[in-house]
Amino acid sequence: MPAVQKAVTYLDIDIFCRVIDNFGDAGVMWRLARALRAEGYAVRLIIDDPTTLCALAGCDSHTPIEKIGSNESIEVCLWEKDWDTASCPLLPASVVIEGFACRLPSDYQAKMAKTSPAWFNIDYFSAEDWIENCHLVPSIDPSSGLIKTNYFPGVTEKSGGLIIEKDYEHNRHRLIFGSGFKADEKDYEHNRHLFLMKQPKDTNTLRVLFFAYPYGPIEKIAQALCEAKRSIELSVTQCEAGQLLAQAVSKQINSRVTVNSLPFVSQKDFDHLLWSSDIVFIRGEDSAARAMIAGVPFLWHIYHQDDDVHMLKLRALEGRFENCFEDKALFKKWSQLQEAMNEGEFDPDIFSDLIDGLDQWKKASECFSKKIKAIGSLAEKLSEQIKKI
């Protein structure tokens, strides 16, 4: 007699996202939506800026909102402005995720009181100690009595981890060891930058990826790159800081830096850039997390906050990283240069020392990547919490 298979009920999830600045908010929530879909959930992403999401998803800017997530089997819905003050036509899902305490439409939240869905707030990433005491701590909404669980991404066992796709290692191995970009002529023109970065390079040439904020020490970074002892293939992303750095490098005399200005790349393709680089200047939250997971040597240009709160977050991450450096002097130089960069300075001599110690820097970065992966993916850990409720 054949075994009777147990019926599987797939929960539906609503993810709410307000795009405040740059691509960070949408980037994290889109990545989370994709990862939860891969966990088997039916996902609806409600976002107030579909144009930003189009770019991240690799869609044309004129793509209808209902088509943006079709390739990922994700429903994308426009968060209408009047929902904040008037009625919202959406019915609550079984699980509701609030991105970065974005505040749900009041009418939607009132409906939640009748259905009692599992409710999570996904907070910003941090390596600070205090998040371990706040992760998974419930709070009670005074108006409805519903419980909202606070979820903190991080890099320790007691945090919520980082989002790591189920096929991450497969895709990385395919790029590094296989021919990950077999494509027709049309695809080549669209992804030319990825094909070029996959080509063999001179063993003495460094591939450097630059993705930072325009208020950084651009001129000093350009000087350090041009004074490096090794030739550099510099890929600058399509952002204001990238354009400024390309201009600054072009003014340097006797430079051995060649500049490749990249088009905007989709979220999936960004990993390819990281895997193909020797050193990356990285900004924000989602992109920095990807650099950590990739195990590539990085300098983090963190988003600046009032009262230098960002420097506390930066030093907390450095503290988590320290044990991965066998060469403590090299760790000190990495921390020193990274902190100085976030305070408007950049020392060419220290950067040169880091390049000289690149093998050890790479080894430390790979060590940290292994630690992050051992914690488990945020999406899998969140799914475990959902199943408990």
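Relevant structure appears above.
Asker: So what exactly am I meant to see when it comes to the overall build of the protein chain here?
Answerer: Per the secondary structure count, the protein chain includes 17 helices and 12 strands. Along the first, second and third principal axes, the C-alpha atoms of the protein chain reach 70 × 55 × 50 Å. Looking at the protein chain as a whole, 52% of its 389 residues are labelled buried. In the protein chain, 68% of the contacts between residues at least 6 apart in sequence involve partners at least 24 apart. Only carbon and sulfur atoms are counted for the fraction: they give 49% of the accessible area of the protein chain, which is about 18800 Å². Within the protein chain, the 57 negative side-chain charges are centred at a point lying 5 Å from the centre of the 44 positive side-chain charges.

Asker: Can you walk me through the sheet that holds strand β10 (residues 257-261) in this structure?
Answerer: Sheets are built from strands paired through backbone hydrogen bonds, the pairs being either parallel or antiparallel. Reading across from one edge, β10-β9-β8-β11-β12 is the order of the 5 strands in this open sheet, with parallel pairing throughout. Of all strands in the sheet, those bounded by a partner on one side alone are β10 and β12 (298-301). Averaged over all pairs of adjacent strands, the angle between strand axes in this sheet comes to 15°, irrespective of strand direction. Relative to strand β9 (residues 232-236), strand β8 (residues 206-210) runs parallel, the two being bridged by 5 bridges.

Asker: Help me understand helix α11 (residues 267-275) in this model?
Answerer: Since the α-helix advances by 3.6 residues per turn, residues separated by three or four positions end up pointing in the same direction. Of all 9 residues in α11, 8 are buried; the element is thus mostly enclosed. Buried within α11 are the following residues: Gln267, Asp269, Phe270, Asp271, His272, Leu273, Leu274 and Trp275.

Asker: In this structure, what is going on with the environment of Asp21? I would like to understand it.
Answerer: Structurally, the position occupied by Asp21 is in the loop between β1 (12-17) and α1 (24-38). Between the C-alpha atom of Asp21 and that of Asn260, which follows or precedes it by 239 residues, the distance is 26 Å.

Asker: Explanation requested: the environment of Asp286 in the structure shown.
Answerer: Its place among the elements puts Asp286 in helix α12 (residues 286-294). Residue Asp286 is classed as buried on the basis of its relative accessible area, which comes to 14%. For the pair Asp286 and Gly27, spaced 259 residues apart in sequence, the C-alpha to C-alpha distance is 6.5 Å. Setting aside chain neighbours within four positions, we find Asp286 in contact with Gly27, Val28, Arg31 and Gln267. For Asp286, the side chain forms a polar contact with the side chain of Arg31, separated by 2.9 Å.

Asker: It is not clear to me how the side chain of Arg207 should be interpreted in this structure. Could you clarify?
Answerer: If you trace the backbone, Arg207 turns up in strand β8. Owing to a relative accessible area of 9%, Arg207 belongs among the buried residues under this scheme. Only 3.2 Å separates the side chain of Arg207 from the side chain of Glu233, close enough to count as a polar contact.

Asker: So what exactly am I meant to see when it comes to the packing of aromatic side chains here?
Answerer: Each aromatic ring pair is described using two quantities: the centre-to-centre distance and the angle formed by the ring planes. One pass over the full model with this rule turns up 21 aromatic pairs. Where Phe281 meets Phe351, the ring centres are 6.1 Å apart and the plane angle is 45°; that geometry is what we call tilted. Residue Phe281 is found in strand β11 (residues 279-283), and its partner Phe351 is found in helix α15 (residues 348-356); the two are separated by 70 residues along the sequence. Judged on exposure class, the residue Phe281 and its partner Phe351 are both buried. Where Phe321 meets Phe325, the ring centres are 5.8 Å apart and the plane angle is 45°; that geometry is what we call tilted. Look at Phe321 and you get buried, because its relative accessible area is 1%. Since its relative accessible area comes to 2%, Phe325 is described here as buried. Among the aromatic residues, ring-to-ring pairing joins Phe298, Phe321, Phe325, Phe331, Trp334 and Phe368 into one connected group.

Conventions used here
- Residues numbered from 1 in each chain as written.
- Predicted model: local features only at pLDDT ≥ 70, side-chain atom pairs only at ≥ 80, totals over all residues.
- Heavy atoms only, no water.
- Helix = DSSP H or I, 4+ residues; strand = E, 2+ residues; numbered from the N terminus.
- Buried < 20%, exposed > 50% of the residue type's maximum accessible area, 1.4 Å probe, protein only.
- Contact = heavy atoms within 4.5 Å.
- Areas by Shrake-Rupley, 256 points an atom, 1.4 Å probe, with all protein chains shown as cover.
- Lys, Arg positive; Asp, Glu negative; His and termini not counted.
- Charge placed at Lys NZ, Arg CZ, Asp CG, Glu CD.
- Pairing = 2+ DSSP bridges.
- Axes fitted to C-alpha atoms, helices over the stretch in contact; angles between N-to-C directions.
- Polar contact = N/O pair within 3.5 Å; in protein donor to acceptor, adjacent residues only side chain to side chain.
- Phe/Tyr/Trp six-rings, centres within 6.5 Å; stacked < 30°, edge-to-face > 60°.

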